[in-house]
Amino acid sequence: MRNIGILFKNYILCGIGNLRRKKARAKTIVGFCLITLIFVANAALFTWMMLNMAKYLAETNTQAGVLVYGLVISLFMSIIFALQKITGGKKANDTELLLSMPFTKVEIMIAKALSRLCFNFLIVIMFFLPSVIAYMVYTPFSIAAFAGCITVMILIPLMAVGLSSLVDYLVTVCFSNSKFGNISKAVMTLIILVGVVFVYEFAIIDPASPLMLKMVSWMITFNPFVMWPLIGGFVAFFVIGNWLNALLLNREGRATQYKSVAISSKTTTPFKSILKNETNRYFNSPTMMLNTLIGPLGMIALTIWLAVDHAQTVLTMVCFAMGLPVEIGYLIIALVFAALTILTYPAAFSISLEGKQLWILRSMPIPAHTILNAKILFNIILVAPISLICSVILQITLQLSAFNFIMLLVIPILANVLISYMGVFINLCFPKLEFESENAVIKQSMSSLIMMLGGMIVIMALIGLTILLIQYISAIFIAIIIIGILTIMLGVAMTLNYTIGQRIFNRL
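Values in this document were obtained by computation on a predicted structure and should not be read as measured data.

1. Notes on the overall build of the protein chain
- Each helix and strand in the protein chain was counted, giving 21 helices and zero strands.
- Scored against the burial criterion, the 508 residues of the protein chain give a buried share of 52%.
- Within the protein chain, contacts between residues separated by at least 24 positions form 87% of all contacts whose residues are at least 6 apart in sequence.
- Accessible surface, the protein chain as shown: approximately 23,000 Å² in total, 71% of it carbon and sulfur.

This is how it looks when you write it as structure tokens:
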């Protein structure tokens with residue numbers, strides 16, 4: 001047990017991107033406290049939103065609907081983060097060291113599985129526990145319902161970890177020895193991501209979906225004919241997934257890539273060269289693509305759903321669940337688009353990816369703001385064109401008013417630009433320049449965690465502000481206030497980058 005405890009602590013520290021050097025200890029403590037504060041704030045905001053929703057639904061005795069929303073969101077987030085944990089057979093930085101030490105393979109796998117369970121359990125606490133609390137507040141206490149909710153809270157992390165291990169095994173076995181192994185891994189996992197997004201948006205996300213209503217009914221009644229086989233199935237899925245993952249522990253991912261280098265005589269500017277380098281690095285990195293493309297894919301899927309359904313399901317779902325007038329529905333949709341832009345944040349680890357070669361950029365006669373601008377712009381052009389196209393498609397298919405079109409166009413793009421600037425600044429504050437694999441930077445860096453959780457709290461705070469203000473002012477004034485808030489935050493982020501950020505970069 002002692003060995004498992006040591007390994008578990010190691011995986012947790014790696015998972016939060018901890019910095020172990022003495023000089024970075026204070027920065028590590030600050031970063032960890034910031035992540036904790038943002039997590040608690042996210043959970044508190046979501047709890048408040050679920051309580052308001054449950055209060056409104058209780059008037060029609062349909063408060064069980066709040067469990068549907070919590071279940072849908074927590075399942076979706078757990079699956080997405082599970083797929084982002086796919087390594088494709090690449091060992092972690094410390095795998096060789098752990099295998100050479102007096103740790104058994106069983107101990108290593110148990111510690112790794114427990115650390116992944118803890119991470120996924122935090123997702124459940126953030127998104128499903130608030131809906132359970134809201135349901136219990138407005139419903140007479142029932143032991144069956146309480147047991148069912150607790151059981152589901154345990155089963156979701158088991159499912160997520162099992163799915164991650166199973167897909168990781170399949171991807172590694174099928175593509176690791178292929179000449180185009182990395183490309184094949186990226187394509188397969190992207191297909192899975194697209195499938196998850198489309199299945200959710202077209203079949204599950206609707207609270208009136210018969211499947212979701214049955215699941216919630218089984219949960220609150222703790223139907224033994226359903227729950228016990230479900231528990232057994234999920235536990236077996238978790239065990240099989242981790243057993244397959246253990247088979248990969250001694251396996252090395254071998255993939256050969258053929259690269260041709262062409263010498264060009266064209267002259268270019270430093271800004272264009274850095275921007276091109278960022279683009280090449282992104283599209284040659286399956287890990288980076290898999291961890292950041294969910295936002296654009298989600299925007300495309302949501303646009304298709306809205307266009308096909310003429311936004312009837314989404315508007316009804318949002319307005320009915322929260323007790324909001326219909327005219328506020330498109331503002332909520334715009335904020336959902338903004339939330340999807342948060343899931344695309346390569347700027348949050350773009351400085352760290354330079355690694356030990358950062359001195360090359362710093363030694364060149366290139367101003368710091370030029371380097372930072374190139375990294376910021378790449379994050380913008382990765383999302384902004386898709387957001388623009390989606391807004392235009394919705395304008396054509398739904399015949400939106402000028403006000404609704406401006407909201408759908410401006411709010412997501414402002415959020416995207418804000419995330420790009422703040423991502424670079426946070427990465428400058430919490431860089432991770434010493435690593436053996438880009439996985440450690442993309443998946444296990446403090447700047448990525450802060451950026452993701454911080455972006456969530458901004459969007460949830462804006463949704464909460466919308467719910468509060470709709471009782472007093474019209475939708476158009478709320479939209480103006482939200483655009484104003486995002487603009488002010490963007491101005492602060494730009495100021496930080498071009499003042500403190502440049503000085504930090506020059507000292508790295």
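Now, onward.
2. Comments concerning helix α10 (residues 224-247)
- An ideal rise of 1.5 Å per residue puts 34 Å on 24 residues; α10 measures up with 34 Å between its terminal C-alpha atoms.
- For α10, the full list of buried residues reads M227, I231, F238, G241, N242, L244, N245 and A246.

3. Remarks on the nonpolar core
- In terms of nonpolar packing, the biggest core is built from 134 residues, with L67, Y330, F337 and I411 touching the most fellow members.
- Residue contacts for F337: discarding those within four places in its chain leaves M299, L302, T303, L306, C390, L394, L408 and P412.
- In this structure, A113, L155, L158 and V161 belong to the second largest nonpolar core, which totals seven residues.

4. Observations concerning the pattern of salt bridges
- Applying the stated criterion across every chain, the model contains four salt bridges.
- In this structure, the salt-bridge partner of R281 is E278, at a minimum N-O distance of 3.3 Å. Of the two residues, R281 and E278 are both situated in helix α11 (residues 270-283); the distance of three residues between them amounts to about one turn of the helix.
- The partner of K375 in a salt bridge is E278, and the shortest N-O contact between them spans 2.5 Å.

5. Let's talk about the side chain of S352
- One can find S352 in the loop between α15 (329-342) and α16 (358-363).
- Assessed through its relative accessible area of 1%, S352 is described here as buried.
- Of note is the side chain of S352, whose polar atom sits 2.7 Å from the side chain of N427.
- Side-chain polar atoms of S352 contact the backbone nitrogen of K432, separated by 3.0 Å.
- Those residues in contact with S352 that sit more than four places away from it in its chain are N427, F430, P431, K432, L433, F435 and V441.

6. Let's talk about the packing of aromatic side chains
- Within the structure shown, the criterion is met by six aromatic pairs.
- Seen from their ring centres, F46 and F127 are 5.5 Å apart, and the 80° between their planes marks the pair as edge-to-face. Note that F46 is positioned in helix α2 (residues 25-58) and F127 in helix α5 (residues 105-127), a separation of 81 residues in sequence. Neither residue differs from the other here; F46 and F127 are each classed as buried.
- Ring geometry for F141 against F146: centres 6.0 Å apart, planes inclined by 45°, an arrangement best described as tilted.

7. Concerning the packing of helix α13 (residues 294-309) against helix α17 (residues 368-398)
- It is the contact of α13 with α17, at a shortest axis distance of 10 Å, that shows an interaxial angle of 0°. In this view, α13 runs roughly parallel relative to α17, as classed from their interaxial angle. Between α13 and α17, the residues in contact are P296, M299, I300, T303, L306 and A307 and L382, V383, I386, S387, C390, I393, L394, T397 and L398, respectively.
- A breakdown of the residues in the contact of α13 with α17 according to their chemical character gives twelve nonpolar, three polar and no charged.

8. Remarks on a nonpolar patch on the surface
- A surface patch of nonpolar side chains, about 530 Å² in accessible area, is lined by F141, I143, F146, I150 and I154.
- You can see I154 is positioned in helix α7 (residues 143-175).
- Taking the relative accessible area as the measure of exposure, I154 reaches 47% and is therefore partly exposed.

9. Some details on the packing of α5 against α10
- Put simply, α5 and α10 touch, their axes get as near as 10 Å, and they point 125° apart. One finds that α5 runs oblique with respect to α10. Judged by the sense of rotation from one axis to the other, the crossing of α5 with α10 is right-handed. The residues of α10 that touch α5, namely those facing K105, M109, K112, A113, R116 and L117, are F238, N242, N245 and A246.
- By residue class, the composition of the contact of α5 with α10 is five nonpolar, two polar and three charged.

10. Here we look at unusual backbone geometry
- The phi torsion at Q399 lies on the positive side, around 55°, for a residue other than glycine.
- With respect to the helices and strands, the residue Q399 is situated in the loop between α17 and α18 (402-429).
- A relative accessible area of 62% places Q399 in the exposed class.

11. Remarks on the confidence of the model for the protein chain
- Looking at the protein chain, pLDDT values average 79 and 79% of them are 70 or higher.
- Counting interchain partners and residues more than four positions distant, the pLDDT-below-50 stretch residues 18-22 has nine contacts.
- Confidence drops under a pLDDT of 50 for residues 252-263, and excluding neighbours within four residues, the segment shows 16 contacts in the predicted structure.

Cut-offs applied
Residues numbered from 1 in each chain as written. Predicted model: local features only at pLDDT ≥ 70, side-chain atom pairs only at ≥ 80, totals over all residues. Heavy atoms only, no water. Helix = DSSP H or I, 4+ residues; strand = E, 2+ residues; numbered from the N terminus. Buried < 20%, exposed > 50% of the residue type's maximum accessible area, 1.4 Å probe, protein only. Contact = heavy atoms within 4.5 Å. Areas by Shrake-Rupley, 256 points an atom, 1.4 Å probe, with all protein chains shown as cover. Expected span 1.5 Å × (residues − 1). Core = buried A, V, L, I, M, F, W, Y, C linked by side-chain atoms within 4.5 Å. Salt bridge = Lys/Arg side-chain N within 4 Å of Asp/Glu carboxyl O. Polar contact = N/O pair within 3.5 Å; in protein donor to acceptor, adjacent residues only side chain to side chain. Phe/Tyr/Trp six-rings, centres within 6.5 Å; stacked < 30°, edge-to-face > 60°. Axes fitted to C-alpha atoms, helices over the stretch in contact; angles between N-to-C directions. Parallel < 35°, antiparallel > 145°, perpendicular 65-115°, else oblique. Nonpolar A, V, L, I, M, F, W, Y, C, P; charged D, E, K, R; others polar. Patch = residues over 30% accessible without salt bridge, like charges linked within 9 Å, V, L, I, M, F, W, Y side chains within 5 Å. Left-handed = near helix turned anticlockwise from the far one by under 90°. pLDDT = per-residue confidence, 0-100.

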